[in-house]
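Structural features, examined
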Amino acid sequence: MPPRGRRGVYVRIVIRAPLSRLWELTQDPSAHARWDLRFSRIVPVERLPTGAERFGYERRLPFHTIRGTGTSLGERRGVDGTATSALRFDTHDRLSPLGDGRGFWRYRPTDDGSAIVFTTGFDYAPGWGRLLDRLLLRRLIGWMTAWSFDRLRIWAEDDVPPERWPLRSALALWRRDRPRAARCERTPPHAHALADAPASLSTLEAP
């Protein structure tokens, strides 16, 4: 489990789409792997007696495929329509820059109901050492997450499949409609925002 006190990864974006649509694109493993740059493949493995669901994930690199396991701990819904899901992940791959970690996804309808504020917060044990993680990797992973969130937004709002926007499109500076990490908020609203990253569903704070 990652130690507390280190700054985690936090990303928030406003998506003008129904919650049901956003839930489908983020909670279905095959859809999730299509828009999220952090994964090449996500495959359900089993449902545990506790109700949690376990899945395997892969990230293909030129000379190696990183593999790990995630456990979706479930969800909690608030009276205001906010939904929060909890996740724990781990890997035995020594080449993975991310070790064991935990995080959350939160879906909060705007006051007028026209959009969803989609938020993630997660933290992890550095796989390649704390110094390299602090100087480079954590920033890169934050950018990858934010860029992926905007690619998800385009899919949810405009029905443009994420394959239309491969990673190299980040260099197409003349395309104003391309996915951009800058459209996301990446500064937590308060110092303890990552406390929402629960060890289990029972520890989720009320939205």
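Residues numbered from 1 in each chain as written. Predicted model: local features only at pLDDT ≥ 70, side-chain atom pairs only at ≥ 80, totals over all residues. Heavy atoms only, no water.

**Some points on the confidence of the model for the protein**
Scored by pLDDT, the protein has a mean of 88; 88% of the residues are at 70 or more. Predicted confidence for residues 1–5 stays below pLDDT 50, and this span has twelve contacts to residues more than four positions away or in other chains. Scored below 50 in pLDDT, residues 199–207 shows 21 contacts in the model against residues more than four places distant or in partner chains. (pLDDT = per-residue confidence, 0-100. Contact = heavy atoms within 4.5 Å.)

**Re the pattern of salt bridges**
For the structure on display, the rule yields 15 salt bridges. Asp159 is paired through a salt bridge with Arg21; the nearest N and O atoms lie 3.4 Å apart. Placement of the pair is Asp159 in the segment after helix H3 (130–158) and Arg21 in helix H1 (residues 19–27), with a sequence separation of 138 residues. On the basis of relative accessibility, which here comes to 55%, the residue Asp159 falls in the exposed class. According to the relative accessible area criterion, Arg21 is partly exposed, its value standing at 22%. Between Glu75 and Arg77 there is a salt bridge; the shortest N-O distance is 2.9 Å. When salt bridges that share partners are traced, they join Asp150, Arg153, Glu157 and Arg183 into one network. (Salt bridge = Lys/Arg side-chain N within 4 Å of Asp/Glu carboxyl O. Helix = DSSP H or I, 4+ residues; strand = E, 2+ residues; numbered from the N terminus. Buried < 20%, exposed > 50% of the residue type's maximum accessible area, 1.4 Å probe, protein only.)

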